[in-house]
2 protein chains.
Amino acid sequence: MKRTGNSIDYYGIYESEMGKIENKLNRLLIKKEPRSLYEPCSYFLSNGGKRIRPYLVLLSAKAVGGKLSDVYNAAIAVEIVHNFTLVHDDIMDNSDKRRGMPTLHKKYDISTAILAGDSMIALAYESLAKDCKKNIGNIFSIFTHGIIEVCEGQSLDKEYEIRNNVSINEYIKMIYKKTAALIEMSCRIGAEISEAPADQLRAVANFGRNLGIAFQIQDDLLDITGKEDSFGKTIGSDLIEGKKTFLFLRAMEKTTGKEKQALMQVIENKGIERIEIPRFEKIYYDFGIIEDAEREIVKYTKLALRNLNSLPDKCGRDLMRRLANILIHRNK
Amino acid sequence: MKRTGNSIDYYGIYESEMGKIENKLNRLLIKKEPRSLYEPCSYFLSNGGKRIRPYLVLLSAKAVGGKLSDVYNAAIAVEIVHNFTLVHDDIMDNSDKRRGMPTLHKKYDISTAILAGDSMIALAYESLAKDCKKNIGNIFSIFTHGIIEVCEGQSLDKEYEIRNNVSINEYIKMIYKKTAALIEMSCRIGAEISEAPADQLRAVANFGRNLGIAFQIQDDLLDITGKEDSFGKTIGSDLIEGKKTFLFLRAMEKTTGKEKQALMQVIENKGIERIEIPRFEKIYYDFGIIEDAEREIVKYTKLALRNLNSLPDKCGRDLMRRLANILIHRNK
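Residues numbered from 1 in each chain as written. Chains lettered and ligands numbered in written order. Predicted model: local features only at pLDDT ≥ 70, side-chain atom pairs only at ≥ 80, totals over all residues.

Teacher, can you tell me more about the overall build of chain A here?
Of the regular secondary structure elements, chain A holds 15 helices and two strands. For 332 residues, the compact-globule estimate of 2.2 N^0.38 gives 20 Å, and chain A sits close to it at 20 Å. Projected onto its principal axes, the C-alpha coordinates of chain A cover approximately 60 × 50 × 40 Å. Burial statistics for chain A: of 332 residues in total, 48% are counted as buried. (Helix = DSSP H or I, 4+ residues; strand = E, 2+ residues; numbered from the N terminus. Rg over C-alpha atoms; globule rule 2.2 N^0.38 Å. Buried ≥ 20, exposed ≤ 12 C-beta atoms within 10 Å, placed from the backbone.)

Pasting the structure below:
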């Protein structure tokens, strides 16, 4: 990351703003009682994560000419909502680890995790309210809509686990709701609190929505092309779990004969053994599935980026562009 | 229920208003997709219940001089929140039945029930928003505070299940949060939307809080003195589950010798067998625990009722008084 005397120190902005967000998150529940409820919440909220969503609240406030200091609590709010979804999804997926640490229901128990997730939703509204001075109705409605979309997306995701004929269109609609809607919401919240005009609100929403879809397809792709890391991420784990990812569904469309048979077997057996991963990796490479995914990621990222031109603040715009580029080039 | 030509037809008001609420609840999710999410929500929301909380939203709006038609959506909102807590509590308590029907996680599965509960929170905010014209910040903050209290109350309840030295004061604090806070919130929401002045807001809040505590102690009492009914309610089920109810904790305070030993055994064994119920019923009667509970219910009901005098609308006041009397004299 280059820093020069003349140009804006983008990385410095990111570091200092994200430091504030981390601090606020860590302090949020420190003295709240009962500890049986808030200690588990703190455990999860302090457990890292990319913090993309709160960063986007800040960036879109900045990009529309708003003040960062007006949206810190809103940024915290979207991060809490995101964490609520993770806590509950981990129960539903019976996941043991998250960010290299035990999931909340594994560290405590399922009841504690359900309740921690529930209270996070309310804590998120409480945090959001602190940054609501004008347009309160709009802000709450955007926020609520985002949570509803996430629930619908998770429901579709669970539904698709047991359905055998999921189309790529349905898949895109599902990841829009499950992943992109909250990223879109983060952008809208930042801009709405900053009282951006309608065209700028639309622009940041479109940016967030398309970035979110690109982000999720990238996530699917990294399951094959990513680096195994110390956080316990295993290449091919989506295949092991029989997940109907973009790659898998695209492969279902493009293959015939024995490859198609093999893929249908994955659905039937609800996953594969670790030893079989290379075989499916080869299918993905041989049939151009990897390139298809890459092309799709580029397509949605471009759709995101073209919304930035209409935003008034150069620094905000540049930071949003940088974030999109970082996400597209990440390897975990 | 008497109805005369001269007096207000209280029962008629109740019936017609509650009919509207039921209708709205039944229609709310009828066409919403995905059905995998909303069908389970509808199943639960349409499954009866006393509808006390939405009724209180209407009554407190009326009592402060507001219009019923201004708070229907808010009434729906509190009922949805109440139902969210039931859906998630049923998972935590591993309950099979609710209102004589399979609980949501038994009819579907735990994932569906978690997600249905989650989305109910957001649906509740969505419904509430429809009735927010002024004081939006206050209304949302009262609502959010209510949800946080309920989560804290449930957490304390779970905590007390495994703690052996729960005092009656702690118990009252717990049921305030777990039960009374949402009833208080229902009253506050109705009055806040109706733009009641501060003293009336305080009055309906105090009414709701004390009524809620009386309601919960009555619930504890009915576990011993209530009627077994066709909904599968069994006398003594709190004892079977080893719940630390008002009666149980009061008995712990008042008994010595072999009765105290028996109660401590209930804690140690986390409950009793059905055959042992009469023995504990006898302790409750012999040591005046039943009268103590009745006295406590009367005390909190009186504390509730004395707030009504300051409210301007006679019909609203009378309906609130009637509701309190019905609740105190219910047998299930």
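Would you take a moment to explain the environment of E259(B) for this structure?
All names here are of chain B. Here E259 lies in helix α12 (residues 257-268). Taking the number of C-beta atoms within 10 Å as the measure of exposure, E259 has 18 and is therefore partly exposed. Note: C-alpha distance between E259 and K332 (73 residues apart in sequence) is 28 Å.

Looking at this structure, I do not really get the relation of the copies chain B and chain A. What am I missing?
The two chain copies are related to each other by a rotation about an axis together with a translation along it. For these two chains of identical sequence, chain B goes onto chain A by a turn of 180° and a shift of 0.0 Å along the axis, with RMSD 0.0 Å. These values place the two chain copies in the arrangement generated by a two-fold rotation axis. Both copies share a contact surface, since 100% of the interface residues of chain B are interface residues in chain A too. (Least-squares fit on C-alpha atoms with pLDDT ≥ 70 in both. Contact = placed C-beta atoms within 7 Å.)

I tried to follow the confidence of the model for chain A on my own but got confused; where do I start?
Where the model shows low pLDDT, its predicted coordinates should not be examined in detail. A residue-level look at chain A finds 97% of positions with pLDDT of 70 or above and a mean pLDDT of 94. ipTM for the predicted complex: 0.96, alongside a pTM of 0.96. (pLDDT = per-residue confidence, 0-100.)

Please clarify how the interface of chain B and chain A should be interpreted in this entry.
With 32 residues of chain B in contact, the opposing surface of chain A contributes 32 residues. For the side of chain B that touches chain A, the secondary structure elements donating two or more residues are α2 (35-45), α4 (72-92), α6 (110-130) and α7 (136-162) of chain B. For the side of chain B that touches chain A, the per-class residue count stands at 18 nonpolar, nine polar and five charged. (Nonpolar A, V, L, I, M, F, W, Y, C, P; charged D, E, K, R; others polar.)

Explanation requested: helix α2 (residues 35-45) of chain A in the structure shown.
Turn by turn, an α-helix covers 3.6 residues, leaving residues three or four places apart pointing in a common direction. Buried within α2(A) are the following residues: L37(A), Y38(A), P40(A), C41(A), F44(A) and L45(A). The arc that holds every buried residue of α2(A), seen down its axis, measures 160°, which confines them to one face. Close packing links the buried residues of α2(A) with α1 (10-28), α4 (72-92), α5 (104-107) and α6 (110-130) of chain A together with α7 of chain B. (Arc of directions from axis to C-beta.)

Whenever I open this one, the packing of helix α8 (residues 168-193) of chain A against helix α9 (residues 198-225) of chain A confuses me. Can you help?
Relative placement of two packed helices is described by the angle separating their axes and the distance separating the axes. All names here are of chain A. Look at α8 against α9: their axes get within 7 Å of each other, and the N-to-C directions meet at 145°. Relative to α9, the crossing made by α8 is right-handed. Note on element contacts: α9 touches α8 through Q200, L201, V204, A205, F207, G208, R209, L211, G212, I213, F215 and Q216, opposite I172, I175, Y176, T179, A180, I183, E184, S186, C187, R188, A191 and E192. Along the lines of polarity and charge, the residues of the contact of α8 with α9 split into 14 nonpolar, six polar and four charged. (Axes fitted to C-alpha atoms, helices over the stretch in contact; angles between N-to-C directions. Left-handed = near helix turned anticlockwise from the far one by under 90°.)

Honestly, the nonpolar core in this entry has me stumped. Any pointers?
Taken as a class, soluble globular proteins show a tendency for nonpolar side chains to be buried jointly. Within the largest apolar cluster, 198 residues are counted, with the highest numbers of intra-cluster contacts made by A124(A) and A124(B). In this structure, A124(B) is in contact with A77(B), I80(B), V81(B) and F84(B), ignoring residues within four places of it in sequence. (Core = buried A, V, L, I, M, F, W, Y, C linked by C-beta atoms within 7 Å.)

Which parts of the structure should I look at to understand the packing of helix α3 (residues 52-63) of chain B against helix α15 (residues 314-328) of chain B?
Residue and element names in this part refer to chain B. Put simply, α3 and α15 touch, their axes get as near as 7 Å, and they point 145° apart. Judged by the twist between their axes, the crossing of α3 over α15 is left-handed. Contacts between α3 and α15 involve Y55, L59, K62 and A63 from the former and C315, G316, R317, L319, M320 and L323 from the latter. Broken down by class, the residue content of the contact of α3 with α15 amounts to seven nonpolar, one polar and two charged.

How do you make sense of unusual backbone geometry when you look at a structure like this?
Apart from glycine, the bulk of residues carry a negative phi angle, and the bulk of peptide bonds sit in the trans form. Following E33(A), the chain continues into P34(A) via a peptide bond in cis, with omega recorded as 0°. For R51(B), which is not glycine, the phi torsion reads 60° and is therefore positive. Here R51(B) lies in the loop between α2 and α3.

Is there a simple way to explain the environment of I21(B) in this structure?
All names here are of chain B. Its location among the elements puts I21 in helix α1 (residues 10-28). Given 18 C-beta atoms within a 10 Å radius, I21 is considered partly exposed. Apart from residues no more than four positions distant in its own chain, I21 is found in contact with R51, P54, A75 and I76.

In this structure, what is going on with the environment of F215(A)? I would like to understand it.
Residues and elements named next belong to chain A. Checked against the element boundaries, F215 lands in helix α9. For F215 and R330, which are 115 residues apart along the polypeptide, the C-alpha to C-alpha distance reads 9.9 Å. Discounting residues that sit within four places of it in the chain, F215 has contacts with T179, I183 and L327.

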